[in-house]
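# Structural overview
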Amino acid sequence: MSDGAYSFLPWLRTGLSTKIGDRDPGTDLRASVLVQLELIGETASRPVDEPIQLYGPSDVIGVDPRAISRTEPRPFISNFEPNYVAHIEFYDEDFPWRYSPAPPDGDTKRLLPWLALIVLSETEFEDGTLPGRPLPYIKVRQPGALQRPSELGAWAHVHVNGELDPRLAVNDRRDMGTSLANLSRVLRESPDLACSRIVCPRHLSASTKYHAFLVPSFETGRRAGLGLRIEPGTIPAMTPAWGVDQTELPGELPLYHRWEFTTSTAGDFEYLVRLLKPIEAGEPVGRRDMDAHVSAGFGLPPVETTTEPHGVLKLGGALRLPDRVDREDPWENWDTYHSQQSQYPNSKWQQAMAGLINLAEAYQNTTAAKANDKLAEQIPKLKGEIDPVITPPLYGRWHALTAQLLRDDKGNPVPPSELRGWLHRLNLDPRFRVAANFGTEVVQKRQEELMAAAWNQLGDVKLANTKIRAAQLAREVGNTLHGKHFPKPPAQGLDADPLVSAKALTLAAPAHARVVERKQETVGFKVSQSRVATAPVSPAMRRIMRPGSRLMKMLKFPESLPPDKLVARIDEREVSAAPPRPTPEGLVTLGKLRGLHAAAPADDGRPKLGVGTTTADMMTGLNSEKTVLENLFGAMNLPDRLRAAAEDLTEVMAYPVFDMPMYEDLLKMSTDTLVPNLGLLPANTITLLENNRTFIESYLAGLNHEMARELLWREFPTDQRGTPFRQFWDPRVAVPSPYGPYDIKAMHEWDKATPLGENKNRPTEKNDLVLVIRGELLKKYPTAAVYAHKAVWPLKDGVPDKTGERTLSPDPADVKLPIYEAKVDPDITLLGFDLDADKARGGNGDLGWFFVIKERPGDPRFGLDEAQPGPAQPVEVWNDLTWQRVDPDGLRFIQFDEAVRVTLDKFNEDEDDQEKQEQRKDDNHIEAWQHRMSSADVAYILFQAPVLVAVHAQEMLPNARPQP
């Protein structure tokens, strides 16, 4: 069996039911089969033919819910596509025909099931309940809302996951041998690969609540479910449950199963994706006019431009038109920034703005009156002003460690490379100052929320810094006491002089048990196990040998052997404790009686202490640089990123991190603030725009600058060089990256000579392309897969075939997933890709890239397409068949009339023909949609395969990059 395909059988019977032949049961309640028996006696035997009745619909008063495997749509769903049909599936492959008394139809290959699925709106039925009835029931108010009972055989089939080889033999309506053999093989290998299904052929209306009911299809089953008496011979077994005159409880149908659902607006995935048309976006999308021909205040001169209208700039947004080469755009080059031979900045407005920004630093070095008079040549309003004025902010000043523009801290002109770097362009171009101010507004509006999150992230930083300051004091006190009371160990060769002073080791004896030396043993244990032992450093010995004690005053020590070297002399065995007193000769002791004799004191095998090394280990363990830090870390819980700063016992200078997409705050201001004139893109279109990094970096710089000011104002411990905001787009659609989700590097890492827009965090293409989809598609199907796919030539006999259309590369490495996204209500989705326009377009042998929108595959679904606006589309494959072709009279039901016949049309040589060629090979097995077709053919035509549409970048980009 081949995988990746579905197979359909028109019906299936097993066991004795396969013997039901052409004979109509007539007035019998049940179908019967002729069973041949042979009676054998003692002397003779003879054959006997005896008809045996099989269970039928009159014997069934319920369906076990466990027999049902799935319903489509799921119960209570509220967005079922109205062009799809409802259906119900059963675990047992023969279940719909198991109790049917009907013989198979040799012409249509159909077999009437004993069950039917009907779908009714709330106004087309009413619920009924009567005590004593076997089943609940409904009363159908509008009989026209039910399908034709004579065609129910077309709406039940067997489904098999996989392609059955050889094809099923269903031409012989009696012998299902080949079919059963194939199906039996499948079920033996994997029983869950097959099921049976009943479909309701009703064309649903949009935005309507429906109820689906599983009901009996024969009158005998209806009467049994309603508890009505059935007299043998009065009701023919083939009488349908509706569509005929009924003498008792007309229009009432018992229910085996029911569920409800609601349809969505018109259009399934295929319908909506076909509405999308690729376009090439043009002006004014991505920019809007910004009037700067009058003074902006502060006494600044108006902006002068060479473009018309005079003094009008083009304010951009997060996206811009692709292939916009800045030096070719007069609005982008209004200040000669892109003119390599010109001096920048040379605009009067820029010179005045730089001087006004620099006033803040000038006030630190001179009086306000002098600083104002110095700038009065450029801003006459400042002439004679003796008070300081409020100056515009210097965005990024703390991150770049720069207090003024155009000149450095020593008053020298900054290099030309820095003049064209991000700091000067951000602050001296009105467009980017506006973008930065957007960030300022966001922080000001959300300051309480942001500060609450900042404090929550870092915990009680104030308490931590209080403890750090206390630790600083403890460290200095400890160092002072250490230097006063403990001599420094020798700088070289700790044990070069064996008779080193042990004063420090003796004074620190109370701490021996808490200090660990280099071999991970406590100093106290090392001393106790050495030659020195604990007595020379014991409290009693320290009291005896203190300099002012009576003994020390009486004893005279040579200058070369002072008392503090006593421990070292013991360690070298120059001095030892007094030996035990010997036993006088002639004194009889118990030991002598036992033959024991006292021996002279000998070496007890204890290791040498090494006074110099041990003293050094002790002093290291008591060093306040180490002990104070350990106590500090044990007393507070700091994030890992802050421990490095605390290790130097410097107060924590930190900043919060806000990992949230900041484009949303721009969008809250307005869509034009995010992307100017984005709303001018037509509905149901797909196009490509380009990531505008200069605008995004300006906006994020404004966010971080204003947040640094707010942190300082709230006494947050910060040096104002942090970058709390690094994320503009929403990266949740992207696969994890080693560079993290951030769009920019930390601002303190921005080189002042790097141009604005080139401080990206990821090594992506220069300008990411952004796929813009406007329409209901992703709004209704938010889980649709969207990705970029490399274009290649299809292979023919192993050789690229360049005579046809490009196709999708089979190499998984040639697929690029989105790296970020954004949603703009009500119907615009933005998806960024690591591709630039040149790469996506292709050229010089490179076939470029497709952008693919793919429906997520799921459980099998059935239906027909809605007709597209405009002239009727040809039916080149059965997937093109529409409701209007099979229901030309608008009955909202599929009915098999001789007048309705649809055949496959010839290919019209459009761009979709090549991809339909393979499908056409299978579709040709069904000659036409016509009134005598089998349920297997109906299922094949109605099956809705997942849709994939691929649009090449060339359809959404200019054919070539504009040349100068």
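A brief report on the enclosed structure follows. Bear in mind the structure is a predicted one, so any value in this text is a computation, not a measurement. (Residues numbered from 1 in each chain as written. Predicted model: local features only at pLDDT ≥ 70, side-chain atom pairs only at ≥ 80, totals over all residues. Heavy atoms only, no water.)

### So, the overall build of the protein chain
Across its full length, the protein chain holds 28 helices and 30 strands. Counting the 964 residues in the protein chain, one finds 49% classified as buried. Partitioning the intrachain contacts of the protein chain with sequence separation of at least 6 by distance along the chain shows that 74% fall at a separation of at least 24. Working note: accessible area of the protein chain is about 48100 Å², and carbon and sulfur atoms make up 52% of it. (Helix = DSSP H or I, 4+ residues; strand = E, 2+ residues; numbered from the N terminus. Buried < 20%, exposed > 50% of the residue type's maximum accessible area, 1.4 Å probe, protein only. Contact = heavy atoms within 4.5 Å. Areas by Shrake-Rupley, 256 points an atom, 1.4 Å probe, with all protein chains shown as cover.)

### Things to note about unusual backbone geometry
For residues besides glycine, phi is generally negative; the peptide bonds are generally trans as well. Going from Glu 308 to Pro 309, the amide bond is cis rather than trans, its omega being 0°. Among the secondary structure elements, Pro 309 is positioned in the loop between strand 15 (287-291) and strand 16 (312-316). The linkage connecting Tyr 344 with the following residue, Pro 345, adopts the cis geometry, with an omega of -5°. Tracing the backbone shows Pro 345 in the loop between strand 17 (319-320) and helix 4 (348-362).

### As for the pattern of salt bridges
With the rule as written, the count across this model stands at 42 salt bridges. Here the salt bridges do not stand alone but share partners, grouping Arg 70, Glu 72, Glu 81, Glu 89, Arg 197, Asp 859 and Arg 861 into one network. (Salt bridge = Lys/Arg side-chain N within 4 Å of Asp/Glu carboxyl O.)

### Describing the pairing of strand 4 (residues 68-72)
For a regular strand, side chains alternate in direction, first toward one face of the sheet and then toward the other. For strand 4, the tally of buried residues reaches four of five residues, placing the bulk of the element in the interior. The pairing of strand 4 with strand 5 (residues 87-90) spans four bridges and is classified as antiparallel. Looking across to strand 5, one finds that Ile 68 is bridged to Phe 90. (Pairing = 2+ DSSP bridges.)

### Comments concerning helix 9 (residues 430-445)
Given a rise of 1.5 Å per residue, 16 residues ought to cover 22 Å, and the 22 Å separating the end C-alpha atoms of helix 9 matches this to within 8%. Along helix 9, the positions that sit buried rather than exposed are Pro 430, Arg 431, Phe 432, Arg 433, Ala 435, Ala 436, Phe 438, Gly 439, Thr 440, Val 442 and Val 443. (Expected span 1.5 Å × (residues − 1).)

### So, the nonpolar core
Among the nonpolar cores identified, the biggest contains 81 residues, and Leu 674, Tyr 699, Phe 725, Phe 728, Trp 729 and Leu 830 are the most heavily contacted of them. Ranked by the residues each element gives to this core, the list is headed by helix 23 (residues 693-713), at eight residues. Ignoring anything within four residues of it in the chain, the contact list for Phe 728 reads Ala 318, Pro 661, Met 662, Tyr 663, Leu 666, Leu 674, Ile 696, Tyr 699, Leu 700 and Asp 743. Within the second largest apolar cluster, 38 residues are counted, among which are Phe 80, Val 119, Phe 218 and Trp 259. (Core = buried A, V, L, I, M, F, W, Y, C linked by side-chain atoms within 4.5 Å.)

### Remarks on the sheet that holds strand 13 (residues 257-262)
The three strands are arranged 6-11-13 in an open sheet whose pairing can be described as antiparallel. Two strands in the sheet have a free side with no partner beyond their single neighbour: strand 6 (115-121) and strand 13. Taking the axes of each pair of neighbouring strands and ignoring which way they run, one obtains an average angle of 20° across the sheet. As paired elements, strand 6 and strand 11 (residues 209-216) share seven bridges and run antiparallel to each other. Bridge pairing in strand 11 places Val 119 opposite Ala 212. (Axes fitted to C-alpha atoms, helices over the stretch in contact; angles between N-to-C directions.)

### Quick notes on the packing of helix 4 against helix 5 (residues 368-375)
The geometry of helix 4 relative to helix 5 is characterised by a closest axis approach of 10 Å and an angle of 160° between their N-to-C directions. Of the possible angle classes, the one that applies to helix 4 and helix 5 is roughly antiparallel. You can see that helix 4 and helix 5 cross each other, and the crossing is right-handed. Each of Gly 355, Leu 356, Leu 359 and Ala 362 in helix 4 lies in contact with helix 5, whose residues at this interface are Ala 371, Asn 372 and Leu 375. (Parallel < 35°, antiparallel > 145°, perpendicular 65-115°, else oblique. Left-handed = near helix turned anticlockwise from the far one by under 90°.)

### Examining the environment of Val 824
With respect to the element layout, Val 824 can be found in strand 25 (residues 820-824). Spatially, the C-alpha atom of Val 824 lies 7.5 Å from that of Leu 667, the residues being 157 residues apart in sequence. When near neighbours in sequence (up to four residues on either side) are disregarded, Val 824 contacts Leu 667, Thr 671, Leu 674, Leu 678 and Leu 830.

### What to know about the sheet that holds strand 12 (residues 252-254)
As summarised here, the arrangement of the three strands in space is 7-8-12, forming an open sheet in which the pairing is antiparallel. Edge positions in the sheet fall to strand 7 (125-128) and strand 12, since each has one partner strand and no second. Taking each pair of neighbouring strands and ignoring which way they run, the sheet shows an average axis angle of 30°. Of the pairings in the sheet, the one linking strand 7 to strand 8 (residues 137-140) comprises four bridges and is antiparallel in character. For Gly 128, the partnering residue across the bridge sits in strand 8 and is Tyr 137. Relative to the sheet, helix 2 (residues 219-226) contacts strand 8 and strand 12, its axis offset from that of strand 12 by approximately 80°.

### Details of the environment of Ala 785
Considering the arrangement of structural elements, one finds Ala 785 in strand 20 (residues 785-792). In this structure, the C-alpha to C-alpha distance between Ala 785 and Arg 856, residues 71 residues apart in sequence, is 6.6 Å. Those residues in contact with Ala 785 that sit more than four places away from it in its chain are Val 852, Ile 853, Lys 854 and Arg 856.

### Thoughts on the packing of aromatic side chains
Within a pair of aromatic rings, the relevant descriptors are the distance that separates the centres and the angle that separates the planes. If you walk through the whole model with that rule in mind, you get 24 aromatic pairs. Ring centres of Tyr 699 and Phe 728 lie 5.7 Å apart, and the angle between their planes is 85°; this geometry places the pair in the edge-to-face category. With a gap of 29 residues between them, Tyr 699 in helix 23 and Phe 728 in the loop between helix 23 and strand 19 (769-774) connect regions that are remote in the sequence. Just as Tyr 699 is buried, Phe 728 falls in that class too. Put simply, the rings of Phe 90, Phe 95, Tyr 99, Trp 114 and Tyr 256 pair up and form one aromatic cluster. Stacked on the ring of Tyr 337, the Lys or Arg Arg 420 has its end atom at 5.8 Å from the ring centre. Sitting above the plane of the Tyr 337 ring, Arg 425 keeps its charged end 4.0 Å from the centroid. (Phe/Tyr/Trp six-rings, centres within 6.5 Å; stacked < 30°, edge-to-face > 60°. Lys NZ or Arg CZ within 6 Å of the ring centre and 35° of its normal.)

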